[in-house]
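# Structural characterization, general
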Amino acid sequence: MLQVEGLTCRFGAKTAVDQATFSVERGGFIGVIGRSGAGKSTLLRSINRLVEPSEGRVMFEGIDVTALKGNDLRRWRARSAMIFQQFNLVGRLDVLSNVLMGRLAEVSTWRSLLQIWPDKDKAIAISALEQFDMMAVAAQRADSLSGGQQQRVAIARALVQEPDVILADEPIASLDPRNTRIVMDALLRINKHFGITVICNLHSLDLARTYCDRLLGMSAGRIVFDGVPAALTDRIARELYDLEAGEVMGTSPEQGIDGVAVPALGAAMA
Amino acid sequence: MPAAVPKLPDDQLDALAAAYAGATAAKRRHVFIGGILLVLAVVLAAWSSEVSITKFSENVWRFPAYFAGTIPSISLATFSADVAEWLWGIKRWLRLLGDTILITYLGTLAGAIGGFVLCFLASANLVRSPAIVFVTRRTLEFCRTVPEIVFALIFVLAFGLGPLPGVLAIALHTTGALGKLFAEVVENIDNKPVEGVIASGGNWFQVVRFAALPQVLSNFVSYALLRFEINVRGAAVMGFVGAGGIGQDLIEAVRKFYYTDVSAILMLIVITVMVIDLVTERVRHRLIGMESDR
Ligand SMILES: Nc1ncnc2c1ncn2[C@@H]1O[C@H](COP(=O)(O)OP(=O)(O)O)[C@@H](O)[C@H]1O
Ligand SMILES: [Mg+2]
């Protein structure tokens, strides 16, 4: 079980996450929603300590994650795999090597630096890639792949970490509708079959409602909504996204934009 | 609960691993052959140029012995008088060192400007025409492979004795050295901003100014400052051929066996380089700090 207690992250005078408190049961699929700048990424990144929290605690199964150091911290990062919006692969390494990055915490340093991977770790990486039909491109450079393919490699990398939690930071924001489906379905499959907790930042309310069994709504760094998708009324959604009445639906990329009125000049600045 | 990644059956795994090994075999073979060639080349070079370890170990003592001979005798009783005698020419040497630094400064500045102008033409990612890249690269190569002391000799013949040939020699060599390093930095930039500016209708100069320059500037400054430090040493020997600076006194002291003068001048040069290193490091960190603050 993951518990976040009074978590606060400041960058200078800016408070990106403000007193966030919630807990997540094992096996949940949690969506974090809110406008851009609401603090969603910072929240996720403070859970795996890519950013240092200024205040508060993160507990995972009795371990105080915020106090971890050195080896223990690296082990925690391996247990809480992150998936990024921009994939964050090493473009100049081949695809299989990128997936093997997910085994770094398990393999001894000298072996990994010489790229002499143990057979067991190689088998796991190959199995994960093949699961996404990606072994055909295993020897190619990662930056030669399309966005959708790169994200599948990134998910394979996350999976071979054999994580307890997957932190996905807008994993589909750079993808087309078809790849969006593939990636979200993969996350759901991982969640349901292997019981891995997924915490996923999402822009699209429709996707959040479809895939998640619980939503956290963030606004200006605070958690202002915490409940099942059905409890997210249009009124709350409007407040979260600061929209006019009736604008809530149609935020998914699949839906057309016909019937949209031409916004007034300067509206984009608001 | 099943593992996060269900392992495939062994025969399927083996087939996939073999396919991957086959696809990466060429690359691994190249690295291996390259490594062997490197070792062979080192052995061959050592053998054919008659690098003799025994000769080195038999004579290595001479090297510190020469330096030991240059150390002045300074006793505690007459400390200040001894030091004053050792540094008898300090006024003249400091003036010459000042000349050396000015030569370095002007030469590095002119060379950095030359390298800056040429580096973009030598970058294959910004210039379509392979001919321009080729010619620019060869020009830069010529500038940096001719030793600066040789340039200085030629310029002394052309312009006469004095600091001007020194400045020109350093400028030319620096153009070649920095142009190459700068071009390498430019070739490693992220192409996305370049495409962004091209797609907005920018011409070549605008692409260089707005897409390339912001990505490379801090690296350029680091390399130019490093070159400044290297050039102090280069300029210190310019005087050997009459191209100005402290070198003229250093070579005279070496030739006429004024041992203590050699150590005094060398010490002054070392101190100068250290001071410059400390200052340029400060400047560099300032620049990097400013970048990350934004
Ligand atoms: N490294 C950082 N330095 C300074 N400010 C940051 C940093 N990261 C995020 N912020 C600020 O914190 C706020 C929340 O950002 P973020 O967590 O990325 O929001 P979201 O992911 O919801 O769009 C934003 O105002 C952003 O500008
Ligand atoms: Mg974000």
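All values reported here derive from a predicted model rather than from experimental measurement.

## Here's the deal with the overall build of chain B
Per the secondary structure count, chain B includes 12 helices and zero strands. For chain B, the succession of helices and strands along the chain, N to C, is α-α-α-α-α-α-α-α-α-α-α-α. For a compact globule of 294 residues, the expected C-alpha radius of gyration is about 19 Å, and chain B comes in at 27 Å, more than 25% above that figure. Expressed as a percentage of the 294 residues in chain B, the buried residues total 29%.

## Brief notes about the confidence of the model for chain B
For chain B, per-residue confidence averages 88 on the pLDDT scale, and 97% of positions sit at 70 or higher. Across the predicted assembly, pTM comes out at 0.75 and ipTM at 0.72.

## Re the nonpolar core
Soluble globular proteins tend to bury their nonpolar side chains together. With 77 residues, the main nonpolar core has A:V99, A:L129 and A:I166 as its most contacted residues. With sequence-adjacent residues up to four places away left out, A:L129 is seen in contact with A:V95, A:L96, A:V99, A:M134, A:M135, A:A138 and A:A156. One finds B:F120, B:V208, B:A224 and B:F228 within the second-largest nonpolar core, a separate group that totals 52 residues.

## Description of the interface of chain A and chain B
Counting residues at the interface gives 20 residues for chain A and 14 residues for chain B. Contributing elements (two or more residues each) for the side of chain A that touches chain B: α5 (119-131), α6 (147-160) and α7 (177-194) of chain A. Of the residues forming the side of chain A that touches chain B, the biggest block, seven residues, is contributed by α5(A). Across the side of chain A that touches chain B, the residue classes tally to 13 nonpolar, three polar and four charged.

## Quick look at the pairing of strand β2 (residues 14-24) of chain A
Moving residue by residue along a regular strand, the side chains alternate between the two faces of the sheet. All names here are of chain A. With seven bridges connecting them, strand β1 (residues 2-11) and β2 associate as antiparallel partners. Bridge pairing in β2 links V4 to F22. Hairpin connection, β1 to β2: the antiparallel pair is bridged by two residues, and G12 has positive phi, about 60°.

## Here's the deal with the sheet that holds strand β5 (residues 63-64) of chain A
All names here are of chain A. Overall, antiparallel pairing links the four strands, which are arranged β2-β1-β4-β5 in an open sheet. In this open sheet, the two edge strands, each paired with only one partner strand, are β2 and β5. Where strand β4 (residues 55-60) lies against β5, two bridges are found, and the strand directions are antiparallel. Pairing of M59 across the sheet is with D64, part of β5. Relative to the sheet, helix α1 (residues 40-47) contacts β1, β2 and β4, its axis offset from that of β2 by approximately 60°.

## Some points on the sheet that holds strand β8 (residues 197-201) of chain A
Residues and elements named next belong to chain A. With respect to topology, six strands assemble into an open sheet ordered β6-β7-β8-β3-β9-β10, the strand pairing being mixed. Looking at the sheet topology across the chains shown, the edges are occupied by β6 (80-83) and β10 (222-227). Strand-to-strand twist of the sheet, defined as the mean angle between neighbouring strand axes without regard to direction, takes the value 20°. Pairing between strand β3 (residues 29-33) and β8: four bridges, direction parallel. Bridge pairing in β8 links V32 to N201.

## Quick word on the pairing of β8(A)
For β8(A), the buried fraction is high: five of the five residues fall into the buried class. What you see with β8(A) is no split at all: A:T197, A:I199 and A:N201 on one side and A:V198 and A:C200 on the other are buried throughout.

## Describing the site of ligand 1
Residue and element names in this part refer to chain A. Neighbouring ligand 1 are the residues F11, K14, A16, G34, S36, G37, A38, G39, K40, S41 and T42. Every element with two or more residues in the shell around ligand 1 is listed here: β2 and α1. Here the shell around ligand 1 gets three residues from one element, more than from any other, and that element is α1. Its residues placed into classes, the shell around ligand 1 shows three nonpolar, six polar and two charged.

So, how was this worked out
Starting from 1, residues in each chain are numbered consecutively following that chain's sequence as written. Starting at A for chains and at 1 for ligands, labels are handed out in the order in which the entities are written. Local features are withheld for residues below a pLDDT of 70 in this predicted model, meaning they are given only at 70 or higher, and side-chain atom pairs are given and counted only at 80 or more; totals for whole chains, interfaces and linings count all residues. Counting from the N terminus, the helices are the DSSP runs of H or I reaching at least four residues and the strands are the DSSP runs of E reaching at least two. Throughout, the radius of gyration refers to the C-alpha atoms, and the reference size of a globule is 2.2 Å times the residue count to the power 0.38. Labels follow a simple rule on C-beta atoms placed from the backbone: if 20 or more others lie within 10 Å of a residue's own, it is buried; if 12 or fewer, it is exposed; otherwise it is partly exposed. pLDDT is a per-residue confidence score from the predictor, ranging from 0 to 100. Structurally, a nonpolar core is described as a collection of buried Ala, Val, Leu, Ile, Met, Phe, Trp, Tyr and Cys residues joined by way of C-beta atoms within 7 Å. Remark: residues whose backbone-derived C-beta atoms lie within 7 Å of one another are considered to be in contact. Residues are grouped as follows: Ala, Val, Leu, Ile, Met, Phe, Trp, Tyr, Cys and Pro are nonpolar; Asp, Glu, Lys and Arg are charged; every other residue, Gly included, is polar. Two strands are said to pair when DSSP picks up at least two bridges between them. For helices, the fitted line uses only the C-alpha atoms of the stretch in contact; every axis is such a line through C-alpha atoms, and the angle between N-to-C directions lies from 0 to 180 degrees. For each residue, a C-beta atom is placed from the backbone, and the residue counts as near a molecule or strand when that atom lies within 6 Å of it.

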